[in-house]
Amino acid sequence: MAPRKSSYRPVPAGFFSAGTVAVARALLGKILVSQSPEGRTAGRIVETEAYLCDDAACHASRGETKRNRAMFGPAGRSYTYLIYGMYRCFNVVTGPKGVGEAVLIRALEPIEGFDLMAMRRGVAEPKALCSGPGKLVIALGIADLPDGSDLRKVPLMVAEERAEAVGPGAKVRGGAGTAAAAGIKVTTRIGISKDAHLPLRFYLEGSPWISRK
DNA sequence: AAACGGATGGGCT
DNA sequence: GCCCATCCGTTTG
């Protein structure tokens, strides 16, 4: 039985207003839900990276430009950019208005819309669907999401971890699958050269869905 | 298992 | 002209 729409609830309005590192950690375990004409796809966030205003690897570290404008806007909006001429990476904007910070979403555990994800990605292997920032953008079909989109509404929503379907035989999910229970691992960020030593990558310990060990 | 190169285009010195 | 917050297929050990 397909999950009902009501099973996804956006995170509270103030969720994104915490510090960028705190949001990067809090996003682990949350659900990213993409609603498109083709159907709904969703995945559990298992890997993130924080980009700070005084951090040389951050697109916003040298001031506001046409490209990074959304990073200086209010928290809880989207910032998506083109990388290597072929892929797009999706970020959750954080920090107060006027401060350019964001959290890169690096990997998801697919939880809904496998077939649609597989078709968009051109692969069937579940582990290959969302295990990287470029991959998950393709799988969710969000490459053309306008910068500054409100992430508490369709077409792209950050939702609370979903309670399992209610009913006879429905299995109750305890803390086993939550971020807190799994534990959060901290490492340096992937694919950058500037300020590469900073411990700003976060992932759910033991998750087989992350982009890299 | 790890290393490497090609694809491909915008942003910035 | 060089640098990318990447991915994938191929080569090498």
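Here the structure is a predicted model, which means the values were calculated and not measured. Per chain, residue numbering runs from 1 following the sequence as it is written. As a convention, the first chain written is A and the first ligand written is 1, with the rest following in written order. Confidence filtering applies because this is a predicted model: local features only for residues at pLDDT of at least 70, side-chain atom pairs given and counted only at 80 or more, and all residues used for totals across whole chains, interfaces and linings. Excluded from the side-chain calculations are hydrogens and water; all other atoms, namely the structure's heavy atoms, are used.

Q: Looking at this structure, I do not really get the pairing of strand S1 (residues 31–36). What am I missing?
A: Two faces belong to every sheet, and in a regular strand the side chains alternate between them. Classification of residues uses two cut-offs on accessible area relative to the type maximum, computed with a 1.4 Å probe and protein chains only: under 20% is buried, over 50% is exposed, and between them is partly exposed. Here a strand is any run of E in DSSP of at least two residues, a helix any run of H or I of at least four, and the numbering for each starts at the N terminus. For S1, the buried fraction is high: five of the six residues fall into the buried class. We call two strands paired when DSSP finds no fewer than two bridges between them. Here S1 folds back onto strand S2 (residues 39–51) in antiparallel fashion, the turn holding two residues. Both S1 and strand S7 (residues 156–159) contribute to a ladder of four bridges, which runs antiparallel. Residue pairing across strands places Ser34 opposite Leu156, the latter belonging to S7.

Q: In this structure, what is going on with the environment of Pro12? I would like to understand it.
A: Structurally, the position occupied by Pro12 is in the segment before helix H1 (20–26). Sequence separation between Pro12 and Val158 is 146 residues, and the spatial gap between their C-alpha atoms is 9.7 Å. Whether two residues touch is decided by their heavy atoms; if any such pair falls within 4.5 Å, the residues are in contact. In contact with Pro12, not counting residues within four places along its chain, are Arg152 and Glu160.

Q: Looking at this model, I keep getting lost on helix H2 (residues 114–121). Mind explaining?
A: All of the buried residues in H2 are Leu116, Met117, Ala118, Arg120 and Arg121. Where the residues of H2 are buried, they touch S1, S2, strand S5 (102–112) and helix H3 (133–140). Where H2 ends, the next residue or the one after it, Gly122, has phi of about 75 degrees, a positive value.

Q: Mind showing me how you'd approach the environment of Ala42 here?
A: On the secondary structure map, Ala42 appears in strand S2. Its relative accessible area of 0% is what places Ala42 among the buried residues. For the pair formed by Ala42 and Glu112, sequence separation is 70 residues and the distance between their alpha carbons is 4.9 Å. Residue contacts for Ala42: discarding those within four places in its chain leaves Tyr8, Ile31, Leu32, Val33, Glu109, Pro110, Ile111, Glu112, Met117 and Leu140.

Q: Honestly, the protein's contact with DNA strand B in this entry has me stumped. Any pointers?
A: Near DNA strand B you find Thr65, Arg67, Leu82, Tyr84, Gly85 and Met86, and these make up its full shell. The contact atoms of DNA strand B, taken as those within 4 Å of the protein, divide so that sugar and phosphate hold 52%. Polar contact criterion, stated in full: a pair of N or O atoms within 3.5 Å, where within protein one must be able to donate a hydrogen and the other to accept it, and residues adjacent in sequence count only if both atoms are side-chain atoms. Contact distances for DNA strand B include 2.2 Å between a base oxygen and a backbone N or O atom of Tyr84. The backbone of Gly85 places a nitrogen or oxygen atom 3.5 Å from a base nitrogen of DNA strand B. Throughout, near means a residue has at least one heavy atom within 4 Å of the molecule or strand.

Q: Help me understand the side chain of Arg189 in this model?
A: For Arg189, the location among the structural elements is in the loop between strand S8 (184–187) and strand S9 (201–204). Only 2.6 Å separates the side chain of Arg189 from the side chain of Asp55, close enough to count as a polar contact. Reaching out from Arg189, the side chain makes a polar contact with the backbone oxygen of Asp195 at a distance of 3.1 Å.

Q: What am I meant to see in the layout of surface pockets here?
A: Any space left empty among the atoms is revealed by the rolling of a water-sized probe across them. Of the grid points, spaced at 1 Å and generated over the protein atoms alone, those admitting a 1.4 Å probe that cannot get out make up cavities, while open sets with protein on both sides within 12 Å along at least five of seven lines make up pockets; any residue with an atom within 4 Å of a point is treated as lining. Grid points are joined across faces, edges and corners, and a volume is the space filled by probe spheres set on the points. Considering only enclosed or pocket space, the largest pocket measures out at about 780 Å³ in volume. If you go around the largest pocket, you meet 37 residues; those closest to its centre are Tyr81, Ile83, Cys89, Gly191 and Ile192. Of all the secondary-structure elements, those providing two or more residues to the lining of the largest pocket are S2, strand S3 (78–83), strand S4 (87–93), S5 and H3. Class assignment of the residues belonging to the lining of the largest pocket gives a composition of 17 nonpolar, twelve polar and eight charged. Lys, Arg, Asp and Glu make up the charged group, whereas Ala, Val, Leu, Ile, Met, Phe, Trp, Tyr, Cys and Pro make up the nonpolar group; the residues left over, Gly among them, are polar.

By themselves, these are just geometric observations and shouldn't be taken as functional.
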